[in-house]
Amino acid sequence: MAGKDGKKSKRGDQDTAEETARMPKKIYEKELFRLQAELVKLQEWVRAEGARLVVVFEGRDAAGKGSTIKRVTGYLNPRVARITALPAPTERERTQWYFQRYVDHLPAAGEIVLFDRSWYNRAGVEHVMGFCTKEEYSRFLHQCPIFERLLVEEGILLRKYWFSVSDSEQERRFRSRLEDPMRRWKLSPMDLESITRWEDYSRAKDEMFVHTDIPEAPWYVVDSADKRRARINMIAHLLSTVPYHDVRFKPLELPPRPAPQGYVRAPRESQTYVPDHAAEVLPG
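Below you will find a few notes about this structure. This structure is a prediction, so every number in the text was calculated from the model and none was measured. (Residues numbered from 1 in each chain as written. Predicted model: local features only at pLDDT ≥ 70, side-chain atom pairs only at ≥ 80, totals over all residues. Heavy atoms only, no water.)

Overview of helix α10 (residues 227-241)
Relative to the 21 Å expected for 15 residues at 1.5 Å per residue, α10 spans 21 Å between its end C-alpha atoms, a close match to the ideal helical length. Listing the buried residues of α10 in full gives Arg-228, Ala-230, Arg-231, Ile-232, Met-234, Ile-235, Leu-238 and Leu-239. Along its buried surface, α10 packs onto α1 (25-49), β1 (52-59), α2 (65-73), β4 (157-164) and β5 (219-223). (Helix = DSSP H or I, 4+ residues; strand = E, 2+ residues; numbered from the N terminus. Expected span 1.5 Å × (residues − 1). Buried < 20%, exposed > 50% of the residue type's maximum accessible area, 1.4 Å probe, protein only. Contact = heavy atoms within 4.5 Å.)

Spelled out as structure tokens, the structure:
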């Protein structure tokens, strides 16, 4: 599709999506580290206050959800902040109420749960690929706002982020993964099929927003044309929406080490050590 200037337009999830200059690495890393320090403060506040925080990450394939989640959790305690990325439902789970298996993963007091894809699978891939019936899809659009209002009424802090990327940038990232043996595992046949179903996914996303962008749990769109900007913007926004504060703890001190009482360490040759591979790669 060509614009008035004759140039090919980028069909992103937002009509206003434009090419964005990449954030300089040095500035990005400095600000990311500052924000990650704030995330640690947020974590300690959640733990001290017994708060429950749910963050939903949704969006196009290759839009940068996974890499953003990694930056969010980089310095967090996995016992407090955990990532939930559910596989396809089992035969038994398919007979349950749709939201049932997600409820099992909701946080208890003092916990943070990051959903790498969530119950919104039904509004996206399941609907577009025909993995659910029309009745199941319609029921989801009706029940989802009710479900999320119940979560909020219960006191759960619910934040929902949609990562938006243009079709051309998505294709560029797919090609990059295909050519990189370390990242090729990130691609599946279904990911590649999303290229041919771009407009179907766009319509599904628009319909999803109509029904589920509610005041109690609004959608926040992250422009991920530049992954560095996307990570910074998403983390900064999350922090701005939670009324956390620095939690003061009693200072810890290392206790004095007691005097030796005759313990003798076992001989090195009595145990099996891993080979010193590092010595082989160090310069001679």
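The structure having been displayed, the exposition proceeds.
Some thoughts on the packing of aromatic side chains
What describes a pair of aromatic rings is the distance from one ring centre to the other and the angle between the planes of the rings. Counting across every chain of the model gives 20 aromatic pairs. On the basis of an interplanar angle of 55° and a centroid distance of 5.3 Å, the ring pair of Trp-97 and Phe-99 is categorised as tilted. Exposure remark for Trp-97: the relative accessible area of 43% places this residue in the partly exposed category. Given the relative accessible area of 0%, Phe-99 is considered buried. Plain terms: the ring middles of Tyr-98 and Phe-99 are 5.4 Å apart, the flat faces sit at 80° to each other, and that makes the pair edge-to-face. With respect to class, Tyr-98 is no different from Phe-99; both count as buried. Feature note: the residues Trp-97, Tyr-98, Phe-99, Tyr-102, Phe-115, Trp-119, Tyr-120, Phe-140, Phe-147, Trp-162, Phe-209 and Trp-219 constitute an aromatic cluster, connected by ring pairs. (Phe/Tyr/Trp six-rings, centres within 6.5 Å; stacked < 30°, edge-to-face > 60°.)

Structural notes on the environment of Leu-151
By the element assignment, Leu-151 lies in helix α6 (residues 134-153). On a C-alpha basis, the gap between Leu-151 and Ala-217 in space is 9.5 Å, while along the polypeptide they are 66 residues apart. Setting aside anything within four residues of it in sequence, one finds Leu-151 in contact with Leu-106, Trp-119, Ile-156 and Leu-158.

Observations regarding helix α9 (residues 198-212)
The terminal C-alpha atoms of α9, which comprises 15 residues, lie 21 Å apart, in line with the 21 Å expected from a rise of 1.5 Å per residue. Within α9, the full set of buried residues consists of Trp-198, Tyr-201, Ser-202, Ala-204, Lys-205, Met-208, Phe-209 and Thr-212. Seen along its axis, α9 keeps its buried residues to an arc of 165°; they face one direction. In α9, the exposed positions angled more than 90 degrees off the buried face are occupied by Arg-203 and Val-210. In the core, the buried residues of α9 are packed alongside α5 (125-129), α6, β4, α7 (167-178), α8 (189-196) and β5. (Arc of directions from axis to C-beta.)

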